[in-house]
Number of protein chains: 2
Amino acid sequence: MTATATVPQTPKRPTPEPATATALKLFVVLARAQQAISERVEGSLVSHGLTHTEFAILEALYHKGPLLLGEVQRKILVSSGGITFLVDKLANRGLVERRLCPSDRRARYAALTRKGEALMAQIFPAHADAIREAMAGLSRAEQKQATALLKQLGLAASAASPESAKRG
Amino acid sequence: MTATATVPQTPKRPTPEPATATALKLFVVLARAQQAISERVEGSLVSHGLTHTEFAILEALYHKGPLLLGEVQRKILVSSGGITFLVDKLANRGLVERRLCPSDRRARYAALTRKGEALMAQIFPAHADAIREAMAGLSRAEQKQATALLKQLGLAASAASPESAKRG
DNA sequence: GGCTGTCATCTTAGTACTAAGATTATAGCG
DNA sequence: CGCTATAATCTTAGTACTAAGATGACAGCC
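Quick summary incoming for the structure in this document. (Residues numbered from 1 in each chain as written. Chains lettered and ligands numbered in written order. Predicted model: local features only at pLDDT ≥ 70, side-chain atom pairs only at ≥ 80, totals over all residues. Heavy atoms only, no water.)

### Structural notes on the relation of the copies chain B and chain A
Phase 1: In screw terms, the move from chain B to chain A is a rotation of 180° and a rise of 0.0 Å along the axis, fitting with an RMSD of 0.0 Å. Such a combination of rotation and displacement between the chain copies is what one expects of a two-fold axis. Nearest to the rotation axis, the C-alpha of Ala146(B) is located 3.2 Å from it, this being the minimum over chain B.
Phase 2: The residues that chain B uses at the interface reappear at the interface of chain A in 99% of cases, marking a shared surface. (Least-squares fit on C-alpha atoms with pLDDT ≥ 70 in both. Contact = heavy atoms within 4.5 Å.)

### Description of the nonpolar core
Phase 1: Ile37(A), Leu50(A), Leu150(A), Ile37(B), Val96(B) and Leu150(B) are the most contacted members of the largest nonpolar core, which has 92 residues in total.
Phase 2: The contacts of Leu50(A), once residues within four sequence positions are left out, are Leu45(A), Phe55(A), Leu58(A), Leu90(A), Arg93(A), Leu95(A), Leu119(A) and Ile123(A). (Core = buried A, V, L, I, M, F, W, Y, C linked by side-chain atoms within 4.5 Å. Buried < 20%, exposed > 50% of the residue type's maximum accessible area, 1.4 Å probe, protein only.)

### Section: helix H6 (residues 140-159) of chain B
Phase 1: A rise of 1.5 Å per residue sets the reference length of H6(B), with its 20 residues, at 28 Å; its end C-alpha atoms lie 28 Å apart and thus fit the reference within 8%.
Phase 2: What H6(B) keeps buried is the set Gln143(B), Ala146(B), Thr147(B), Leu149(B), Leu150(B), Leu153(B), Gly154(B) and Ala157(B).
Phase 3: Where the residues of H6(B) are buried, they touch helix H1 (18-46), helix H5 (114-134) and helix H6 (140-159) of chain A together with helix H1 (18-46) of chain B. (Helix = DSSP H or I, 4+ residues; strand = E, 2+ residues; numbered from the N terminus. Expected span 1.5 Å × (residues − 1).)

### Brief notes about helix H4 (residues 80-92) of chain A
Residue and element names in this part refer to chain A.
Phase 1: With 13 residues, H4 extends 18 Å between its outermost C-alpha atoms, agreeing within 8% with the 18 Å of an ideal straight helix rising 1.5 Å per residue.
Phase 2: Every buried residue belonging to H4 is among Gly82, Ile83, Leu86, Val87 and Leu90, and all of these are buried. For H4, the angular spread of buried residues about the axis comes to 120°, placing them on one side.
Phase 3: Its buried side turned inward, H4 meets helix H2 (52-64), helix H3 (69-76) and strand E2 (96-100).
Phase 4: Positive backbone phi, approximately 75°, marks Gly94, located one or two places after H4. (Arc of directions from axis to C-beta.)

### Let's talk about the sheet that holds strand E1 (residues 67-68) of chain B
All names here are of chain B.
Phase 1: Pairing in this open sheet of 3 strands is antiparallel, and the strands run E1-E3-E2 from one edge to the other. A strand with exactly one partner marks an edge of an open sheet, and here the two such strands are E1 and strand E2 (96-100).
Phase 2: Pairing of E2 with strand E3 (residues 108-112), which is carried by 5 bridges, proceeds in the antiparallel orientation. From the neighbouring strand, Val96 faces E3, where its bridge partner is Leu112. (Pairing = 2+ DSSP bridges.)

### Describing the side chain of Thr147(B)
Phase 1: Summarising the element assignment, Thr147(B) is placed in helix H6.
Phase 2: Here Thr147(B) is in contact with Lys25(A), Leu26(A) and Val29(A), once residues within four sequence places are set aside.

### Observations concerning the protein's contact with DNA strand C
Phase 1: With respect to spatial proximity, 24 residues lie near DNA strand C, and among them Gly70(A), Ser80(A), Arg106(A), Thr53(B) and Ser79(B) are the closest.
Phase 2: The sugar-phosphate share of atoms of DNA strand C within 4 Å of the protein amounts to 68%.
Phase 3: Separating a phosphate oxygen of DNA strand C from a side-chain N or O atom of Thr51(B) is a distance of 3.3 Å.
Phase 4: Note that a phosphate oxygen of DNA strand C is positioned 2.8 Å from one of the backbone N or O atoms of Arg105(B).
Phase 5: At the level of secondary structure, the elements contributing two or more residues to the surface near DNA strand C comprise H3 and H4 of chain A together with helix H4 (80-92) of chain B.
Phase 6: Examining the composition of the surface near DNA strand C, we find that 5 residues originate from one element, H4(B), more than from any other.
Phase 7: Residue classes in the surface near DNA strand C are distributed as 6 nonpolar, 10 polar and 8 charged. (Near = heavy atom within 4 Å. Polar contact = N/O pair within 3.5 Å; in protein donor to acceptor, adjacent residues only side chain to side chain. Nonpolar A, V, L, I, M, F, W, Y, C, P; charged D, E, K, R; others polar.)

### Overview of the interface of chain B and chain A
Phase 1: Facing 79 residues of chain B, the contacting portion of chain A comprises 78 residues.
Phase 2: Taken together, both faces of the contact between chain B and chain A bury some 7,600 Å²; the carbon and sulfur share is 67%.
Phase 3: Broken down residue by residue, the surface that chain B buries against chain A is led by Arg13(B), Phe27(B) and Leu149(B), which jointly contribute 8%.
Phase 4: In this structure, the connection of chain B to chain A is made through 2 salt bridges. (Buried area = accessible area lost by both parts, 1.4 Å probe. Salt bridge = Lys/Arg side-chain N within 4 Å of Asp/Glu carboxyl O.)

### Considerations on the protein's contact with DNA strand D
Phase 1: With respect to spatial proximity, 24 residues lie near DNA strand D, and among them Thr53(A), Arg105(A), Gly70(B), Ser80(B) and Arg106(B) are the closest.
Phase 2: For DNA strand D, the backbone makes up 67% of the atoms found within 4 Å of the protein, where backbone means sugar plus phosphate.
Phase 3: Interatomic distance of 3.2 Å between a side-chain N/O atom of Thr84(B) and a phosphate oxygen of DNA strand D.
Phase 4: In this structure, a phosphate oxygen belonging to DNA strand D sits 2.8 Å away from a side-chain N or O atom of Arg98(B).
Phase 5: Secondary structure elements with two or more residues in the surface near DNA strand D: H4 of chain A together with helix H3 (69-76) and H4 of chain B.
Phase 6: Ranked by residues supplied to the surface near DNA strand D, first place goes to H4(A) with 5 residues.
Phase 7: Here the residues of the surface near DNA strand D are counted per class, giving 6 nonpolar, 10 polar and 8 charged.

### Some words on a positive patch on the surface
Phase 1: A contiguous patch of positive charge on the surface is contributed by Lys25(A), Arg32(A), Lys64(B), Lys75(B) and Lys151(B).
Phase 2: Within the secondary structure, Arg32(A) is located in helix H1. (Patch = residues over 30% accessible without salt bridge, like charges linked within 9 Å, V, L, I, M, F, W, Y side chains within 5 Å. Areas by Shrake-Rupley, 256 points an atom, 1.4 Å probe, with all protein chains shown as cover. Lys, Arg positive; Asp, Glu negative; His and termini not counted. Charge placed at Lys NZ, Arg CZ, Asp CG, Glu CD.)

This is the structure we're talking about:
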């Protein structure tokens, strides 16, 4: 690890074309906003010993009821190995259980246990509040506007990308 | 691992209050859009054997010139251990080098090597193109609108959150 | 019924990064 | 000058998840 003494200077780089510069700017701002929001909201999950992804699983089951592991996987966008790992962890904590599927012996449903239901009933309202507060930098109308723009953006980006469909 | 046979059913959950529902929706859409965009853009980095974070370091150095490790860290929002780890990796690949700081014997500058400069000159235009294409779901005006909204959102979320300032 | 391609989940090895802490150096005060 | 609090970077142990692959089951065709 050789370190060299020098004085730093800002380099000259080619200026991007305006349409590209606009896209680059949005890219950076989008990533920053998402990170800031996530960190803000994740704070309320840490105190319950839950990662963002674990919570996402609990939330999906809470609102949708029992789901096949593959359905959960596709809903929260994790790998197949990841869903096994995460459901194992939640099952070990007694929050989730696996159930047989009557029509397909390969498949398994993940479902909240009573303990998991109780936990979600307790923490989901606070989580929703944390999200509401995190979004308070925008008015309700602005939030709807942002939602419409981002939905359009996300759908277009997903539609043209094979990566979004491949996860496992 | 006990699995129980059952028929899945959708549960009844309390309906969130409208302002909260709007915020929840934006939260989901924001995360989805960010993930779709990231996956789309990261595809072009993988072929060069670079992770998103590695590339972010290279890009920061490419545009700003040599930076103290702590400056890089704060710019790309990683932990202090992370910056050491990542700069080590990039240095081992000959893309980045550490340089002494004349005024502070604790500090180190990270700087692109000639090899790193050449790589960035090669791949940054393609990366910028990938971003432009990923954002093509929105018109230029819509991109600017989204940028303004997200900037406001991100700044407000960061300002009220101590987590964004703590990264060590 | 047998066969083949595909699917659902699990297993395994690996990695990108974090949190906590250690070490050395600096800044500021008395 | 000495002391103390703080700062910059590195070290270490750990973890959340991925990619690749394995295993058993299902669907559809002949």
